[in-house]
Amino acid sequence: MEKRIFDNPADPSLDRVDGRVKVTGKATYSAEYAVPNLAHAVLVTSTIAKGVITGIDAEKANSAPGVLAVISHLNAPKVPGWGSAAQPAERAPIGTSFRVFYDHFVYFDGQPVAMVVADTHERAVYAASLLKITYQSEKHRTHFEANVQQAIVPLNVQRNKTSPFADYDRGEKGQVEAHIEAEYTIPTQHHQPMEPHAIVAVWEAEDKLTVYDKNQGVKSAQGQLAQAFKIPRENVRVIAKYIGGAFGSGIRVWPHTIAAVLAAKHVGRPVKLVLGREQMFTSVGYRPYTVQKLTIGASKNGKLTSITHEGIGQTSAYEEHLERTILASRSLYACPHVSTRYRLLSLDVNTPTWMRGPGDATGMFALESAMDEMAFALNIDPLDFRIKNYAELDQERNLPWSAKSLKECYVLGAEKFGWKNRKLEPKSMQKDGVLVGYGMASSLYGFHRHPSKARAVMQADGSVIVQSATMDIGPGTGTAMTRIAAKVLGIHAKMVRFDLGDSALPDAPGQNGSSTIPSVGSAVHDVCVALRDRLIEMAFEMPGFATKEKSQVVVRNGQVLASMADTNGVSFGDILKHHHRNELEISAESKSGPERDQYSMYSFGCHFVEVEVSPFTGEVHVTRVVTCADVGTIINYKTARSQSIGGIVGGIGMALMEESAMDHRYGRYVTSDFSSYHIPVHADIPPIEVYYIDKPDVHVNPIGSKGLGEIAIVGVAAAVANAVFHATGKRIRQLPITPDKLI
Ligand code: MOS
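Predicted model only: the values in this text are computed from it and were never measured.

**Remarks on the nonpolar core**
Phase 1: Phe608, Val611, Leu656 and Tyr692 are the most contacted members of the largest nonpolar core, which totals 95 residues.
Phase 2: With 10 residues, helix α9 (residues 360–378) is the single largest residue contributor to this core.
Phase 3: Those residues within four positions of Phe608 in sequence are excluded, and the remaining contacts are Leu383, Tyr410, Gly413, Ala414, Phe417, Trp419, Gly439, Met440, Arg624, Val625 and Val626.
Phase 4: Listed in part, the 56 residues of the second largest apolar core include Tyr102, Val261, Leu262 and Ala264.

Printed below as a string of structure tokens:
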């Protein structure tokens, strides 16, 4: 088993602060809020992919026992933020987010077309089965490959030439002595967190709404709901304290959320809606089907001379979803000539969304597979090839990196993995009748830092409550924030309580884009520094301290001490007592400054993967993974490591299993449960060794931490594909790498 070499025994990581309530079932998830007078809603979804609803016969459903309402475009309360819905003759143009129960148009199979509300869930389900909905179908387009010629420059780019998705060209093609050209395909994949999306919607008054909703950002959900229902922001309260995984599916407010809020308004009672597993495939986005064409040119000695990267992603017929598919090719390697193109293909499907390293995980599969193909063509070790083309600065923005320890990652990862034992020739490392392969890939992610607020309230006993409207969709936000606060204040972690997941708390971004530690971690740091400094000031107003030298003062064990050597300080509680205070509250906001334009900020990493492939069945087993990341300071090794493992598990799923297959005759997913949509289980996952460079990035923020979430998955699929190539000599350019592609 691996050694946790970076967990300092003298200062060990915190266990999850909410671990106990989660494993004992005391943590309340969205669907579990027991609100009085609760009614239960069930969504009814379309059975055609394109057309119009011609009739809804609700007579039987309406008279079924316990039914409170059948809601559809025929009778739904208006969403004031959407204007009127007088059965328009035209479909919504692209750029419109989907408006549930707005009109009679059907845009995709699985679209919510009606909702039954009853006094129990079972009665709602039964009544929903009695609804008779008729349609007039139109010819739909759901097949990506068959329609790929229709892909266009995104409207977003047509309207905004400075969009990062606009065509990009840099430099002149150098002399190309070696050249590869390849096309890579990623199928549609779904987040499918264990906890389905769910909401309990409560209208407290005509213009006052509370929702317990599974999402990744209570403040952004608050804003979106306030806008839709045209009520003041502060009249909307969104609570999401515990989330059973999301991976991007909870970044936006989706139609089912609006539908539940509408239903609660319509029946005048709180309404609960839980999506069924099948509905999860058409309700909360997915990783879009994407085709990418890469060409790489290099000199014979292995220097890159040219990269071209074209990505075509899938979107819906009514809305654009753009992601960073082609961006990494501009900055990951030193290369004089780089061109990227990004196009979108509209199909009769629901809108995709960000999922697990959105865009970058997709793009890096193509780029890092192509780099491996180029290394093979040049007969160079793939790791050496990458090191030869190491980017010492960001050529896209022509800026220095804020910090980059990718080379150190390569060296450490290679050593821990035993990369030197790799034989250059594919299919050359067999063992007991199976083919063994070693593959690697780089990882890069441009994490975000958003303005964030936090509040710290010191109590009379010297304990502190720290609050911010941030989220924890699984990585252990509360634990990391507790550790930051405890360290700054010099108190035991048990003396800290961190509150999150409630829009009534100080403003914070949602949990996405690997932004929580850089953004909210900085705010928590800053507010605790302010609290500490205030406590020191207050100590200096006390007898005995006035004569001391302020620059020597430290805080330790919940006390202000005159110097490092001092053992007899004044406790925080006594400072408050002396000043006749029951508590001391400080607020702070933290945001980036001019450094944003002076440095290029990325997290970096690399993955090393060993696979065993059966030459007879084509079955691939990942048998070892070593990952190494440069994400700046590691706040809490134990939860960081878990997050890295989670990302790699997602990457293995992406590489080997996950594929949402559609029957294009109906435009309907046929993989709509966990028996057909395969995600990794424990038996699929080998020991994973996680290493960090753990060096503060002094330019990014006060805590020196970069984002960790996405860097863990970006590149994994390529590392697996590269290992499969090394094992078998077969290059699989279409995920997932299933046995049929290998035999
Ligand atoms: Mo992530 S896909 O930014 O939740």
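Moving on, there is more to tell.
**Quick notes on the sheet that holds strand β29 (residues 688–692)**
Phase 1: The strand order across the open sheet formed by 5 strands is β16-β17-β25-β26-β29, and the pairing between neighbours is mixed. Of all strands in the sheet, those with a lone pairing partner are β16 (430–431) and β29, marking the two edges.
Phase 2: Here 10 bridges tie strand β25 (residues 603–613) to strand β26 (residues 620–630), and the two strands are oriented antiparallel to one another. What sits directly across from Glu610, in β26, is Arg624.
Phase 3: On the sheet, helix α11 (residues 406–417) packs against β17 (434–445), β25, β26 and β29 and is oriented at approximately 25 degrees with respect to β25.

**Brief notes about the domain arrangement of the chain**
Phase 1: Segmentation of the chain into domains returns domain 1 (31–139 + 194–245 + 250–281), domain 2 (290–448 + 597–741) and domain 3 (450–591).
Phase 2: Domain 1 and domain 2 are separated by 37 Å when their C-alpha centres are compared.
Phase 3: Summing both sides of the interface, domain 1 and domain 2 together bury roughly 1,800 Å²; the carbon and sulfur share of this comes to 62%.
Phase 4: For domain 1, the biggest contributors to the area lost against domain 2 are Ile94, Phe108 and Phe281; these three give 35% of the whole.
Phase 5: Where domain 1 packs against domain 2, one counts 2 salt bridges.
Phase 6: Of the charged contacts in the structure, one is a salt bridge between Arg252 and Glu319, with a shortest N-O distance of 2.8 Å.
Phase 7: For the pair domain 1 and domain 2, the interface holds 5 residue pairs in polar contact (both at pLDDT 80 or more).
Phase 8: Here the residues of the side of domain 1 that touches domain 2 sort into 10 nonpolar, 4 polar and 6 charged.

**Regarding α11**
Phase 1: Across its 12 residues, α11 extends 16 Å between first and last C-alpha, which sits within 8% of the 16 Å expected from 1.5 Å per residue.
Phase 2: Those residues of α11 that are buried are in contact with α10 (382–388), β17, β25, β26 and β29.
Phase 3: Positive backbone phi, at 80 degrees, marks Gly418, one or two positions downstream of α11.

The rules behind each value
- Residues numbered from 1 in each chain as written.
- Predicted model: local features only at pLDDT ≥ 70, side-chain atom pairs only at ≥ 80, totals over all residues.
- Heavy atoms only, no water.
- Core = buried A, V, L, I, M, F, W, Y, C linked by side-chain atoms within 4.5 Å.
- Buried < 20%, exposed > 50% of the residue type's maximum accessible area, 1.4 Å probe, protein only.
- Helix = DSSP H or I, 4+ residues; strand = E, 2+ residues; numbered from the N terminus.
- Contact = heavy atoms within 4.5 Å.
- Pairing = 2+ DSSP bridges.
- Axes fitted to C-alpha atoms, helices over the stretch in contact; angles between N-to-C directions.
- Domains from an automatic or database assignment.
- Buried area = accessible area lost by both parts, 1.4 Å probe.
- Salt bridge = Lys/Arg side-chain N within 4 Å of Asp/Glu carboxyl O.
- Polar contact = N/O pair within 3.5 Å; in protein donor to acceptor, adjacent residues only side chain to side chain.
- Nonpolar A, V, L, I, M, F, W, Y, C, P; charged D, E, K, R; others polar.
- Expected span 1.5 Å × (residues − 1).

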